[in-house]
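Take a look at the letters that make up each chain.
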Amino acid sequence: DVKVTQSSRYLVKRTGEKVFLECVQDMDHENMFWYRQDPGLGLRLIYFSYDVKMKEKGDIPEGYSVSREKKERFSLILESASTNQTSMYLCASSSRDRRYYGYTFGSGTRLTVV
Amino acid sequence: GEDVEQSLFLSVREGDSSVINCTYTDSSSTYLYWYKQEPGAGLQLLTYIFSNMDMKQDQRLTVLLNKKDKHLSLRIADTQTGDSAIYFCAEWHDSSASKIIFGSGTRLSIRP
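Because the structure is predicted, anything quoted here is derived from the model rather than measured. (Residues numbered from 1 in each chain as written. Chains lettered and ligands numbered in written order. Predicted model: local features only at pLDDT ≥ 70, side-chain atom pairs only at ≥ 80, totals over all residues. Heavy atoms only, no water.)

(A) Broad picture of the overall build of chain A. Scanning chain A for helices and strands turns up zero helices and twelve strands. Each helix and strand of chain A, ordered N terminal to C terminal, gives the series β-β-β-β-β-β-β-β-β-β-β-β. In terms of overall size, chain A behaves like a compact globule, its C-alpha atoms giving a radius of gyration of 13 Å where 114 residues would be expected to give roughly 13 Å. Once the C-alpha set of chain A is aligned to its principal axes, its extents read approximately 40 × 30 × 25 Å. In chain A, buried positions account for 50% of the 114 residues. A total of about 5,700 Å² of accessible surface is found on chain A, and carbon and sulfur atoms cover 47% of it. One finds the centroid of the 18 positive side-chain charges in chain A at a distance of 3 Å from the centroid of its 15 negative side-chain charges. (Helix = DSSP H or I, 4+ residues; strand = E, 2+ residues; numbered from the N terminus. Rg over C-alpha atoms; globule rule 2.2 N^0.38 Å. Buried < 20%, exposed > 50% of the residue type's maximum accessible area, 1.4 Å probe, protein only. Areas by Shrake-Rupley, 256 points an atom, 1.4 Å probe, with all protein chains shown as cover. Lys, Arg positive; Asp, Glu negative; His and termini not counted. Charge placed at Lys NZ, Arg CZ, Asp CG, Glu CD.)

(B) How the structure looks around the packing of aromatic side chains. Residues and elements named next belong to chain A. Within this structure, the stated rule accounts for 17 aromatic pairs over all chains. For the pair Tyr-103 and Phe-105, a centre-to-centre distance of 6.3 Å together with 50 degrees between the ring planes defines the contact as tilted. The exposure class of Tyr-103 is buried, given its relative accessible area of 2%. (Phe/Tyr/Trp six-rings, centres within 6.5 Å; stacked < 30°, edge-to-face > 60°.)

(C) Structural detail: the interface of chain A and chain B. Every contact between the two is made by 19 residues of chain A and, on the other side, 20 residues of chain B. Between chain A and chain B lies a buried interface of about 1,700 Å² when both sides are counted; carbon and sulfur atoms form 58% of it. Ranking the residues of chain A by area buried against chain B places Arg99(A), Tyr100(A) and Tyr103(A) at the top, with a combined share of 38%. Counting every contact that joins chain A to chain B gives zero salt bridges. Our count for the contact surface shared by chain A and chain B stands at five residue pairs in polar contact (both at pLDDT 80 or more). It is strand 6 (residues 42-49) of chain A that provides the largest number of residues to the side of chain A that touches chain B, a total of four residues. In terms of residue class, the side of chain A that touches chain B is made up of twelve nonpolar, five polar and two charged. (Contact = heavy atoms within 4.5 Å. Buried area = accessible area lost by both parts, 1.4 Å probe. Salt bridge = Lys/Arg side-chain N within 4 Å of Asp/Glu carboxyl O. Polar contact = N/O pair within 3.5 Å; in protein donor to acceptor, adjacent residues only side chain to side chain. Nonpolar A, V, L, I, M, F, W, Y, C, P; charged D, E, K, R; others polar.)

(D) Representation of the state of the cysteines. Residues and elements named next belong to chain A. Under the counting rule described, the total for this entry stands at two disulfides over all chains. In this model Cys-23 forms its disulfide with Cys-91; the gap between the sulfur atoms is 1.9 Å. Its torsion about the S-S bond being -75 degrees, the disulfide of Cys-23 and Cys-91 is classed as left-handed. Separated by 68 residues along the polypeptide, Cys-23 in strand 4 (residues 23-25) and Cys-91 in strand 10 (residues 87-94) bring together distant segments of the chain. By the burial criterion, Cys-23 is buried, and Cys-91 matches it. (Disulfide = S-S within 2.5 Å.)

(E) Here's a closer look at the side chain of Thr106(B). Residue and element names in this part refer to chain B. Within the secondary structure layout, Thr-106 lies in strand 10 (residues 106-111). When its relative accessible area of 1% is taken as the criterion, Thr-106 is described as buried. Separated by 3.0 Å, the side chains of Thr-106 and Gln-6 make a polar contact. Residues in contact with Thr-106, not counting those within four places in the same chain, are Gln-6, Ser-7, Leu-8, Phe-9, Leu-10, Ile-20, Ala-85, Ile-86 and Tyr-87.

(F) Focus on the sheet that holds strand 6 (residues 61-66) of chain B. All names here are of chain B. Reading across the sheet, the four strands line up as 2-7-6-5 and stay open at both edges, with antiparallel pairing between neighbours. Edge positions in the sheet fall to strand 2 (18-23) and strand 5 (55-58), since each of these pairs with one other strand and no more. Between one strand axis and the next, the sheet turns through 15 degrees on average, direction left out of account. Sheet topology note: the strand 6/strand 7 (residues 71-76) ladder contains six bridges and is antiparallel. Bridged to Thr-62 within strand 7 is Arg-75. (Pairing = 2+ DSSP bridges. Axes fitted to C-alpha atoms, helices over the stretch in contact; angles between N-to-C directions.)

(G) Examining the pattern of salt bridges more closely. Residue and element names in this part refer to chain A. Summed over all chains, the structure comprises nine salt bridges over all chains. Here Lys-18 makes a salt bridge to Glu-79, at a shortest N to O gap of 3.6 Å. Taken as a pair, Lys-18 in the loop between strand 2 (10-13) and strand 3 (19-21) and Glu-79 in the loop between strand 9 (73-78) and strand 10 lie far apart in primary sequence, 61 residues in all.

(H) Molecular detail of the side chain of Ser75(A). Residue and element names in this part refer to chain A. Among the secondary structure elements, Ser-75 is positioned in strand 9. Ser-75 sits in the buried class, given a relative accessible area of 8%. Only 2.5 Å separates the side chain of Ser-75 from the side chain of Glu-22, close enough to count as a polar contact. Once residues lying within four places of it in the same chain are set aside, the contact partners of Ser-75 are Leu-21, Glu-22, Trp-34, Ser-65, Val-66 and Ser-67.

In short, the description is geometric, and any link to function would need to be established separately.
Quick look at the structure:
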């Protein structure tokens, strides 16, 4: 069963902490994405990557950075967490060639910054 | 623009059909999708339709595509309590760095 795995389901961090959210996929997908989901705002794209060591800004990159050192792993970094980054974070991956499969999502990480 | 629009809420009686509607903007979209998100979970692909199709049926699910009006709908027959979820419409957007654009999601609630 193919999977996108996010390392934590729930996280509580303090304001100012550096936070790492990890995502690993086992489908040999080229593309990986990080979204945040907030009530009434739908999914908002933070960053995405089409290849190892490549990254592109999404719609709301401010306050975030990413790392993709290996094809299967895409990390989201909150350099200095703030309360307005409390949210559900969703990682996704997709194949460059098989568009009909769309994106495969992880189960999400609910982050609370206190 | 890149908006995919759908209504935020839908309430239906158990056993009735649910119809969730969506409008999209990119006439060159090749694939359109419906995703389901259950509480506390990620999004799960329900079905997709290729742009040269008008309809696709899969068990209780029927997808209708009207390319002229850029309108996509998802019909769930015999709606059950397990269908309670948020449903996202999405389009593959070739003109936007080849990524999927999602709607804001429609929350489907089932009443007895």
